[in-house]
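Here is what each chain is made of, one letter per residue.
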Amino acid sequence: MLRQVKVKNIFFCWEWCLFTCIVLSLAGSNPVRAGEGHWGCKAEGKGSLFFPMKDTILPATDTIAFKMAKDSIDEPVKYSATDSVVVDLRSEKIFLYNDGKIDYKDIQLKSAVIQVDQNSQILTAYPVKDSANRQVGTPTFKQGDKAFTSDTIRYNFKSQRGLTSGTYTQEGEMFVYGQRVKRITPDTYFAGKARFTSCNFDTPHFAFRARRVKMVSEKVAVTGFVRPEFEGVPIPIGLPFGLFPLKQGRRTGLIIPQFTVNQQLGLGLEGMGYYKALGDYWDVTLRGNIYSYGSWNVFLNPNYRKRYRYNGAFNLSFLSNKFGFEGDPDYQPPTRSFSLQWNHSVDGKARPGQNFSASVNIATTLFNQYLANVPQQNFNNALNSSISYQKTWVGKPYNLTVNANHNQNNLTRLYNISLPDVGFTVNTIYPFQKKTFVGSAKWYEKLGVGYIGNFRNQFSFYDSAVSLRQLIDTFQWGARHSIPIQLSLPAIGFLQVGPAISYEEIWYAQSFVRSWNSIQNKVDTTVSKGFYRGNQMSLGLNLSTALFGTLNFRKKSSLQAIRHVIRPTIGLSYRPDLARDQWYETQVDANGNRFRFNRFEGSLFGGLSEGESGFVSFTLDNNIEMKVRNKKDSSEEAVKKVRLIDGFGVSGGYNMLADSFALSDFNIYFRSNILQIINLTGNAIVSPYQQDAFGRRTRAYTWQGGKFSPGRFVSGFLAINASFRSKPKDEKKEKEQQEYTRERSSGYDEYNREVNMIRQNPTEYADFNIPWSLNFSYALNVSRQLKPDYTGFNTLVTQSLNFNGDFNLTEKWKIQGQGSYDFVTRQIQYLTASVSRDLHCWQMSINVTPLGIFRSFNITISPKSSVLRDLRINRSRFFYNLPQ
């Protein structure tokens, strides 16, 4: 009978081990051989102790009760080795040779040789050298998410303290090396002759060295005297102490400025500031610029975020610019401008049925012009803001929207504020529809009625003359009510039939009457305030269908088929002349020419259409797509649909009750997304009537008078956007980056602030994984505008090309550029170029802006690590082209 034994510690009782060896020997097995095993015991003083080996079959035995020592460890220790496990009974030690591995709780140790001392409970791990005298089997220690490698490791299982030599570990983006490291707690270490760097090479390109260091994992490392070194060469300067942040995420601290030189502003420090984390939901960044000639800028950027609820950010900017100094020919007195931006969004799941969002961008008229180092924003003269609250009643057809809007034109210095703008909508309801369907529905059960209401207020002012009286004089309000009635009828053969009735009523607060002033020879406008109504109604019937045509090719061909879809629509409508009282005719010039005006032209909702209308409208829409087969793919997914033209067509109409100008203008449109690379959109308005010398249309058609013309171009636009890029050199790295972006693309956290910084300073961040890319956008807009003196029309043309691209000159050199060209002025609005050099753990960039409001030159050498982003060498100069 086996006698009870007392387990002295985690590994084994020597009496029990000796007994186990005897049993295994009798069974023909050798316990001192390569294998795997674990020691363990159960709580409450009872358990089993086993020592199985590979290729060893042990007979089943009953559980043995034993008493447990107070200093024994409460969980099993698993071990393995590919060579051998040797137990020295006299010295009470165990040795694991060749790829030794020990697992205890969340601790894992791997090494070429592992030695465990029974008496001291100290584990020692060290490497060995192979036949080529190279060190192999370097010890690696891991506990939870913390890991390090060392030349030697001494670790006490009981106290969980350790002493290592030649230790490498990583804390966030920092790689730390210590010649001797002492582990006090799982989070606290002391190191001697330590080295900090963000370079992952064994011999780093740069580092900071210190003789004594205390590290608190994921918090901070505090050193004594610390000095930098480059390529192993120490720099003969240093600091009496060092603080290295090891915490990931938000960290309160100073923001280091950079030195700059400007011909108009003088010497300066830019970007100096302070970052403060205010609790779990708020943080704030304060930055400032200061220049020797007296200019200064302040930027305040608070951010807030509550996960699964809401997030947002403010950006308050104030610029005080003083160009030159007194006595200088280019001297200008100080100018002050400010900007306020606010973005807010709510998680859709926070309050189902309700949403609040804000996108505010308001500034003084000269702010964008004086903002340095942002060439795209220098030419933005139109600013808009919107604050919106939306509510949808769940289970009911009601929707409420309350908005506050703002828009401004920096060229005219005009501000328009709309507050509040209330909209209430009742979705289509079917009053005659039965609650329970029995059989097919009657035709009247498909009769639907809805409601759309909008109430708006607006006032305007010029920033150069703001007064309460001006706000009152420019204040307008108005309301629009619309009741659409529709009927869904079953298809008649291949035709879809949809009759509809609509009633609309508009409330006005002002009327505008224009009259000819024969004394001053100009048109005067008289504004009368009051309450005015206007209404109109219409009846309509739409017929639509779809025609399909397919051209098939050979089955083995890459091009399988081309399909053309035509969707014609014919509409019949009638509108009585309920707005005849709104229209009048008046003289507009000294020659006696007369124009017809609407009394409510210039109001918030505009005037109603004139005359009785019996309109026949038509629309002819087309799209073309094709099927292609990938010959290298034999699966069903080998055949794909590719759209060649998303839509192109023409629409127009004829008023059968009009005595003149019965034929309407034609609207011609085209849109396509070619191979998901080139997006093309175009639209043109073509008039069938000729025009006189003043640009006014006449009753003669364009194809009359001896010269045939299908129509006269009135207005239109063309937009082309294209994006070309090469395949990434490392597909796996690109997918990881895309997945990382998707996971962290919501909210105003540190990642999003990094993204915003990259967007604002694209030349400082280069992606060498993409060999080349090219993006451009072309926009052409042609429109006609009535002259202020009513003597004719002006044709306004805007045409511009924006472009940006980059390419790798070599694997380590990248050239980037972006700019904008105005075809009307035939000038390049701005142009920036940069050259980037990948220096492994550092990056060098040379940025040049030779054209634009701000011309600048900048060279920067900085670490890639975000922890050391302010440790950079920077030299910049910029020149401001003063506005004339």
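The shown structure was predicted, so the numbers you read here are calculated from the model rather than taken from an experiment. (Residues numbered from 1 in each chain as written. Predicted model: local features only at pLDDT ≥ 70, side-chain atom pairs only at ≥ 80, totals over all residues. Heavy atoms only, no water.)

Undergrad: Break down the overall build of the chain for me, citing the residues and quoting the values.
TA: Counting secondary structure elements, the chain contains six helices and 56 strands. Looking at the chain as a whole, 37% of its 884 residues qualify as buried. Long-range contacts, defined as pairs at least 24 residues apart, comprise 50% of the intrachain contacts of the chain with a sequence gap of at least 6. About 51,100 Å² of surface is accessible on the chain, with carbon and sulfur atoms providing 56% of the total. (Helix = DSSP H or I, 4+ residues; strand = E, 2+ residues; numbered from the N terminus. Buried < 20%, exposed > 50% of the residue type's maximum accessible area, 1.4 Å probe, protein only. Contact = heavy atoms within 4.5 Å. Areas by Shrake-Rupley, 256 points an atom, 1.4 Å probe, with all protein chains shown as cover.)

Undergrad: Pulling in residues and values, what's your account of the layout of surface pockets?
TA: Its boundaries defined by the atoms lining it, the second largest pocket holds a volume of some 1,600 Å³. Along the walls of the second largest pocket sit 34 residues, with W583, R596, E610, F661 and R697 positioned nearest its centre. Contributing elements (two or more residues each) for the lining of the second largest pocket: β41 (583–587), β42 (594–598), β43 (613–629), β48 (697–701), β49 (712–725) and β50 (772–786). By residue number, the principal contributor to the lining of the second largest pocket is β42, which donates four residues. Residue composition of the lining of the second largest pocket, by class: twelve nonpolar, eight polar and 14 charged. (1 Å grid on protein atoms, 1.4 Å probe; cavity = no way out; pocket = protein on both sides within 12 Å on 5 of 7 lines; lining within 4 Å. Points joined across faces, edges and corners; volume = space filled by probe spheres on them. Nonpolar A, V, L, I, M, F, W, Y, C, P; charged D, E, K, R; others polar.)

Undergrad: Explain the side chain of N808 to me, using residue names and the numbers behind them.
TA: Along the chain, the position of N808 falls in strand β51 (residues 793–808). Of note is the side chain of N808, whose polar atom sits 2.6 Å from the side chain of K814. (Polar contact = N/O pair within 3.5 Å; in protein donor to acceptor, adjacent residues only side chain to side chain.)

Undergrad: Describe the packing of aromatic side chains, listing the residues and the values that go with them.
TA: Between two aromatic rings, the relevant description is the distance of the centres plus the angle of the planes. With the rule as written, the count across this model stands at 31 aromatic pairs. Considering the side-chain rings of F661 and Y689, the 5.1 Å spacing of their centres and the 80 degrees angle between planes classify their relative orientation as edge-to-face. Of the two residues, F661 sits in the loop between β44 (639–655) and β45 (666–674) while Y689 sits in strand β47 (residues 689–691), which places them 28 residues apart along the sequence. Residue class for Y689 comes out buried when judged on its relative accessible area of 1%. (Phe/Tyr/Trp six-rings, centres within 6.5 Å; stacked < 30°, edge-to-face > 60°.)

Undergrad: Tell me about the confidence of the model for the chain, and please be specific about residues and values.
TA: Atomic detail in the predicted coordinates should be set aside for any region of low pLDDT. Here the chain shows a mean pLDDT of 81. Residues at 70 or above account for 86%. Here strand β3 (residues 46–47) stands out as the element of the chain with the lowest mean pLDDT, 30, in contrast to strand β33 (residues 398–409), whose mean of 94 is the highest. Here residues 1–65 is a poorly scored stretch, pLDDT under 50, and it has 121 contacts once near neighbours within four places are set aside; other chains count. Across residues 743–752, confidence stays below pLDDT 50; counting only partners more than four residues off in sequence or on other chains, it has 24 contacts. (pLDDT = per-residue confidence, 0-100.)

Undergrad: Lay out the nonpolar core with the relevant residues and their values.
TA: Counting 21 residues, the largest nonpolar core has M174, F196, V213, M215, A221 and F244 as its most contacted members. The greatest single-element share of this core, amounting to five residues, is contributed by strand β19 (residues 206–216). The contacts of M174, once residues within four sequence positions are left out, are T169, F196, T197, F244, L246, V867 and L868. Among the nonpolar cores identified, the runner-up in size contains 20 residues, and V77, V116, L123 and F141 belong to it. (Core = buried A, V, L, I, M, F, W, Y, C linked by side-chain atoms within 4.5 Å.)

Undergrad: Quick one: what's the story with the pairing of strand β38 (residues 522–544), residue by residue and with numbers?
TA: Across 21 bridges, strand β37 (residues 496–517) lies against β38 in antiparallel orientation. Of the residues in β38, the one forming a bridge with Q496 is S544. Joining the antiparallel neighbours β37 and β38 is a turn of four residues, in which N521 adopts a positive phi near 55 degrees. Bridging between β38 and strand β40 (residues 559–575) involves six bridges; their strand directions are antiparallel. Bridge assignment links N542 to a residue of β40, and that residue is G571. (Pairing = 2+ DSSP bridges.)

Undergrad: Give a detailed account of empty space enclosed by the protein, specifying residues and quantitative values.
TA: In total, this model carries four cavities of 30 Å³ or more according to the counting rule given. Its volume calculated, the second largest cavity comes out at about 50 Å³. In terms of lining residues, the second largest cavity is bounded by Q476, W477, G478, W507, Y508, A509, Q510, S603, L604 and F605. No other element matches the four residues that β37 contributes to the lining of the second largest cavity. Among the residues making up the lining of the second largest cavity, the classes are represented as six nonpolar, four polar and no charged.

Undergrad: Which residues make up the pattern of salt bridges, and what are the values?
TA: In total, this model carries 19 salt bridges according to the counting rule given. For E505, the salt bridge is made with R533, and the minimal N-O distance between the two is 3.0 Å. You can see E505 sitting in strand β37 and its partner R533 sitting in strand β38, a full 28 residues away along the chain. Overall, the relative accessible area of 47% leaves R533 in the partly exposed class. (Salt bridge = Lys/Arg side-chain N within 4 Å of Asp/Glu carboxyl O.)

Undergrad: Help me get a handle on the side chain of N416, residues and values and all.
TA: Its place among the elements puts N416 in strand β34 (residues 414–429). The class for N416 is buried, based on a relative accessible area of 15%. Polar side-chain contacts of N416 include one of 2.5 Å to the side chain of S460. If we skip the residues at most four places from it in the chain, N416 touches N405, H406, N407, Q458, F459 and S460.

Undergrad: I'd like a description of the pairing of β42, backed by residues and values.
TA: In terms of strand pairing, β41 meets β42 through five bridges, oriented antiparallel. Bridging from a neighbouring strand, Y584 pairs with F597 of β42.

Undergrad: Any chance you could break down the environment of V374 for me, citing the residues and the numbers?
TA: Its location among the elements puts V374 in the loop between α2 (367–370) and α3 (375–378). Placed 479 residues apart in sequence, V374 and I853 show a C-alpha to C-alpha distance of 9.7 Å.

Undergrad: For a nonpolar patch on the surface, give the residues involved together with the corresponding values.
TA: Side chains of F259, L267, L269, L286, I290, W296, V298, L300, L316 and L340 sit close together on the surface and give an oily, nonpolar patch of about 760 Å² of accessible area. Broken down by secondary-structure element, the contributors of at least two residues to the nonpolar patch are β26 (266–278), β27 (282–291) and β28 (296–306). Per-element accounting of the nonpolar patch gives the leading share, three residues, to β28. Relative to the helices and strands, W296 resides in strand β28. (Patch = residues over 30% accessible without salt bridge, like charges linked within 9 Å, V, L, I, M, F, W, Y side chains within 5 Å.)

Undergrad: How would you explain the environment of A210 if you had to name every residue and give the values?
TA: Structurally, the position occupied by A210 is in strand β19. In sequence terms A210 and V226 are 16 residues apart; their C-alpha atoms lie 4.7 Å from each other. Discounting residues that sit within four places of it in the chain, A210 has contacts with K193, A194, T223, F225 and V226.

Undergrad: Describe unusual backbone geometry, naming the residues involved and giving the relevant values.
TA: Residue P420 is bonded to the preceding L419 through a cis peptide linkage, with omega at -10 degrees. Along the polypeptide, P420 turns up in strand β34. Residues other than glycine seldom take positive phi values, yet K193 does so here, at roughly 55 degrees. We note that H840 has phi near 65 degrees; this positive angle belongs to a residue other than glycine.

Undergrad: Please provide a residue-by-residue account of the environment of F461, values included.
TA: Tracing the chain through its elements places F461 in strand β35 (residues 447–462). Aside from chain neighbours lying at most four places away, what touches F461 is R413, L414, Y415, I417, V466, Q470 and L471.

Undergrad: With reference to specific residues and values, describe the state of the cysteines.
TA: In a disulfide, the sulfur atoms of two cysteines are held together by a covalent bond. The final tally for this structure, using the stated rule, is zero disulfides. As a non-bridged cysteine, C199 has C841 as the owner of its nearest cysteine sulfur, 3.7 Å distant. (Disulfide = S-S within 2.5 Å.)

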